[in-house]
Amino acid sequence: MIGLPRRFRVVVLGLVFCIGVTVTYLTHDDTAVPIAKFIPPSGIKLETQELKRRTDAIREAYRHSWTGYMKYAYPTDELLPISRQGGNSMSGWGASVMDGVGTAILMEMHDVVEQQLQFIAKVDFTRNEHQISLFETTIRYLGGMLSAYDLLTGPYATAFQAREGEKNHKLVKSLLAQSVSLADALKFSFNTTTGIPVPYFKLADKTVNSNDVNIIAGFGTLILEWMRLSDLTGDPQYGAMAQKAEDYLLVVENPGVGEPLPGMLGTHVRIQDGHFTDSYGGWGALGDSYYEYLIKMWVYDSSRFRKYKRRWIQAADSTMKHLATSPSSRPDLTFVAEYANSKSISFRGSHLACFIGGNYLLGGQVLKDMRYNLFGLRLVESCRTTYASTPSLIGPETFGWDENLVPHNQKEFFRKNGFFYGGEIDYRLRPEVIESYYYAYVVTRDNKYREWAWDAFLAINRTCRTDNGFTTITDVSRADGGRKDDKQESFWFAEVLKYLFLIFNEEGIQAKERISFVRGPNQKWVFNTEAHPMKVFRS
Ligand SMILES: *[C@@H]1O[C@H](CO)[C@@H](O)[C@H](O)[C@H]1NC(C)=O
Ligand SMILES: *[C@@H]1O[C@H](CO)[C@@H](O)[C@H](O)[C@H]1NC(C)=O
């Protein structure tokens, strides 16, 4: 941890601020914000034929992954493609099915969707032996089922139900019933002195320990799914529980510790009194999706969640002011630092935190504020550098850009690329960089971002593909990705393949219904943090 060298932030801030001031007259315009005025478009052209070839390749990757899962792992949580068996790292109710169904719907693979819905209808959510994470179960299972329900009662209703009529109609209805059953099984975890839920539990326990701590992403990333369930069923209890917990993050009980920068919080919160126990944090692991959901809740319902929007703006502005830094060797790049407290930040980044670019672009789009768009695009471009400059063409799990901490054997690499490999050099089939390309493409319509996404897919297809699916790899600093590890994460289906599909696809129901997820204040859908699209609330 070191103090913030001022010169880094002056460069970035100066640029963002100047642009921000000159474009305020555009921010209340109802038409799309013409980013092209500030960032010249690449002019890259992509023919329809080529786009079709790419969507077919992404569909093929899904089929390949699904076939391997069905052959060796169904109905466990995920395929271990090297050892050819299943793993249960996510509660054991079939996470890959829940995470996979939305993408299969968008790809219009109706045979796979039927298979998945038949399984989901039979899961018994009242029984479970595993340790359960409330956060993971919410974003993957509840998010996956509610999203499938929204899609199949909305734009995909006709096509899907036409296949088997009444039978498929029942399967769709059971998605909502199963969501209720799952939430009812999990809800005792909120029964603490403050209403802040416990992060982990076993279903058999039925009692909770208020002496625990939870993390801000752990209980600040429930509101979209639990509120959607309330809105769909008309039963307010689910949304109310998530909201009560989140109130401790919207107004911090002990801001001296818990809110080191305006809107930017510490990480751990004591369940018994809602007090923060530390001041460290940032947009990376443990905090990330709390910030992400603040703006998404406002997109979901701009009348009920105004407080959330204000909180996002506070965090976003603090980040641009205090945490945006440029590597000394590459002042053209911008990364977002982490902090230990209000006085000390550290220049550490992660693949996970590369979702920030996309989140700023969403914010810029819905708030019509060009400052956020331009900042978001800088972050997207910088995260792309972590991909484009490694021999595997995939970015590392963690990286740094503090010139005082560059390892001796990476001096030249840092000079050229503006970052150095952190402690973790593996790739876990994570989506965040591609997710941000998706937002960048939708906002700018510049094919450059599609090319970047395609580069990423080709690199992943080259290094992570096995005979039975895709897997994590150990070393992105080698052209071959090092050793193949042994896990096909369920979010590979939910996120990576979905964002890739959506960035290229221009056909079928998705294109016809203009189901795009980043359009502006009147958009109809919002992604949960696991890339499950939820229909926004219309009263
Ligand atoms: C909540 O916890 C209290 C005290 O531990 C217990 O008496 C009560 O039955 C619990 N309520 C629910 C709905 O689990
Ligand atoms: C992906 O990898 C497979 C197996 O090596 C190959 O057959 C396929 O052509 C690759 N896809 C693309 C788009 O390169």
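Bear in mind the structure is a predicted one, so any value in this text is a computation, not a measurement. (Residues numbered from 1 in each chain as written. Chains lettered and ligands numbered in written order. Predicted model: local features only at pLDDT ≥ 70, side-chain atom pairs only at ≥ 80, totals over all residues. Heavy atoms only, no water.)

1. Topic: the site of ligand 2
Thinking step 1. Residues in close proximity to ligand 2 include A57, W454, L458, N461 and R465, which together make up its full environment.
Thinking step 2. Separating an oxygen atom of ligand 2 from a side-chain N or O atom of N461 is a distance of 2.4 Å.
Thinking step 3. The fraction of the free accessible surface of ligand 2 (360 Å²) that becomes covered by protein chains is 44%.
Thinking step 4. Class assignment for the residues of the shell around ligand 2 results in three nonpolar, one polar and one charged. (Near = heavy atom within 4 Å. Polar contact = N/O pair within 3.5 Å; in protein donor to acceptor, adjacent residues only side chain to side chain. Areas by Shrake-Rupley, 256 points an atom, 1.4 Å probe, with all protein chains shown as cover. Nonpolar A, V, L, I, M, F, W, Y, C, P; charged D, E, K, R; others polar.)

2. Quick word on the sheet that holds strand β13 (residues 420-421)
Thinking step 1. Judged by pairing direction, the sheet is antiparallel, and its three strands sit side by side in the order β11-β12-β13 without closing on themselves. Each having just a single partner strand, β11 (348-350) and β13 make up the two edges of the open sheet.
Thinking step 2. Examined bridge by bridge, strand β12 (residues 398-400) and β13 share two bridges and lie antiparallel to one another. When the sheet's bridge partners are listed, F399 is paired in β13 with Y421. (Pairing = 2+ DSSP bridges. Helix = DSSP H or I, 4+ residues; strand = E, 2+ residues; numbered from the N terminus.)

3. Remarks on the side chain of T137
Thinking step 1. Looking at the element boundaries, T137 is found in helix α5 (residues 134-153).
Thinking step 2. A relative accessible area of 0% places T137 in the buried class.
Thinking step 3. Ignoring anything within four residues of it in the chain, the contact list for T137 reads S91, W93, I132, L142, L182 and L186. (Buried < 20%, exposed > 50% of the residue type's maximum accessible area, 1.4 Å probe, protein only. Contact = heavy atoms within 4.5 Å.)

4. Re the state of the cysteines
Thinking step 1. For the coordinates displayed, the defined rule picks out one disulfide.
Thinking step 2. Between C354 and C383 runs a disulfide, and the two sulfur atoms are separated by 2.1 Å. Between C354 and C383, the S-S torsion sits near -90°, and that sign places the bridge as left-handed. One end of the pair, C354, is in the loop between β11 and α14 (356-367); the other, C383, is in helix α15 (residues 370-388), with 29 residues separating them in the sequence. For the residue pair C354 and C383, the accessibility class agrees, reading buried in each case.
Thinking step 3. Left without a disulfide partner, C464 is nearest to the cysteine sulfur of C354, which lies 16 Å away. (Disulfide = S-S within 2.5 Å.)

5. Thoughts on the UniProt feature "active site" (unreviewed entry) in the chain
Thinking step 1. The UniProt record marks E136, D288, E397 and E432 with the feature "active site" (unreviewed entry), using the residue numbering of this structure.
Thinking step 2. Relative to the assigned elements, E432 resides in helix α17 (residues 432-444).
Thinking step 3. The contacts of E432, once residues within four sequence positions are left out, are H351, L352, C354 and F355. (UniProt positions renumbered as here; feature names shortened; annotations may be inferred.)

6. Considering the UniProt feature "binding site: Ca(2+)" (unreviewed entry) in the chain
Thinking step 1. When the UniProt feature table is mapped onto this chain numbering, "binding site: Ca(2+)" (unreviewed entry) sits at T529.
Thinking step 2. Tracing the sequence through the fold places T529 in the loop between β16 (525-527) and β17 (533-535).
Thinking step 3. Judged by relative accessible area, which is 14%, T529 ranks as buried.
Thinking step 4. Excluding residues within four positions of it along the chain, T529 makes contact with I139, T221, S289, E292, Y293 and E495.
Thinking step 5. At 2.8 Å, the side chain of T529 and the side chain of E292 are in polar contact.

7. What about unusual backbone geometry?
Thinking step 1. The peptide bond linking Y74 to P75 adopts the cis configuration, its omega dihedral lying at 0°.
Thinking step 2. Assignment of secondary structure puts P75 in the loop between α2 (48-72) and β1 (78-80).
Thinking step 3. Within the chain, E108 stands out as a residue other than glycine whose phi angle is a positive 55°.
Thinking step 4. Take E108: it is sitting in the loop between α3 (95-106) and α4 (110-122).
Thinking step 5. With phi around 55°, K368 is a residue other than glycine that occupies positive phi space.
Thinking step 6. Within the secondary structure, K368 sits in the loop between α14 and α15.
Thinking step 7. K368 sits in the buried class, given a relative accessible area of 13%.

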